[in-house]
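Structural overview for review
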Amino acid sequence: MKRKRQFGKDIRALMYGFGDDPNPLPETIDVMDELLDWFITDLCEQAQKKSTTPKLKTSDFLAALENDPKKLARAHELLNLDKELKLARATFGDAVQVEMASNMN
């Protein structure tokens with residue numbers, strides 16, 4: 001039974017971004033997709049083992065990455081970037097609302 005590719009387009013773009021052919025072989029995409037699926041499943045299982053509740057939290061995933069300093073550092077970097085983006089969106093949204101209100105008067 002052939003399983004459905006979940007990340008084919010993303011993997012193709014990432015591979016091209018890292019210097020591969022713009023149209024890699026379908027078999028290559030399949031292998032990379034399977035590896036990514038395995039990694040995500042394994043990470044979720046590790047996070048579930050670290051979790052104290054049935055519902056996973058960000059801290060559970062960070063705990064699951066504690067033995068891989070590079071991935072843990074990248075996860076912290078992405079979480080900080082997410083906070084910055086949320087703050088920027090909130091600030092920009094407030095500025096747009098103020099400008100729209102002043103234009104209506």
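Described in the following lines is the structure provided in the data block. These numbers come from a predicted model, not from an experiment.

1. Concerning the overall build of the chain
A tally of helices and strands in the chain yields four helices and zero strands. Secondary structure elements of the chain occur, N-terminal to C-terminal, as α-α-α-α. Out of the 105 residues in the chain, the part that is buried amounts to 14%. Long-range contacts, defined as pairs at least 24 residues apart, comprise 29% of the intrachain contacts of the chain with a sequence gap of at least 6. Accessible surface, the chain: about 8,800 Å² in total, of which carbon and sulfur atoms supply 61%.

2. A word on helix α2 (residues 26–50)
Taking 1.5 Å per residue, 25 residues should reach 36 Å; α2 reaches 36 Å between its end C-alpha atoms and fits that length. Listing the buried residues of α2 in full gives I29, D33, L43 and A47. Where α2 is buried, its residues touch α1 (8–17) and α3 (58–64).

3. Some details on the pattern of salt bridges
Applying the stated criterion to the full structure yields four salt bridges. Across the pair E66 and K50 runs a salt bridge whose closest N-O atoms are separated by 2.8 Å. Residue E66 is found in the loop between α3 and α4 (69–104), and its partner K50 is found in helix α2; the two are separated by 16 residues along the sequence. A relative accessible area of 44% means that E66 is categorised as partly exposed. Overall, the relative accessible area of 41% leaves K50 in the partly exposed class. Residue E77 pairs with R74 through a salt bridge whose shortest N-O separation is 2.8 Å. Separated by three residues within a single helix, E77 and R74 lie in helix α4, roughly one turn from each other. For R74, a relative accessible area of 43% corresponds to the partly exposed category.

Rules and cut-offs
- Residues numbered from 1 in each chain as written.
- Predicted model: local features only at pLDDT ≥ 70, side-chain atom pairs only at ≥ 80, totals over all residues.
- Heavy atoms only, no water.
- Helix = DSSP H or I, 4+ residues; strand = E, 2+ residues; numbered from the N terminus.
- Buried < 20%, exposed > 50% of the residue type's maximum accessible area, 1.4 Å probe, protein only.
- Contact = heavy atoms within 4.5 Å.
- Areas by Shrake-Rupley, 256 points an atom, 1.4 Å probe, with all protein chains shown as cover.
- Expected span 1.5 Å × (residues − 1).
- Salt bridge = Lys/Arg side-chain N within 4 Å of Asp/Glu carboxyl O.

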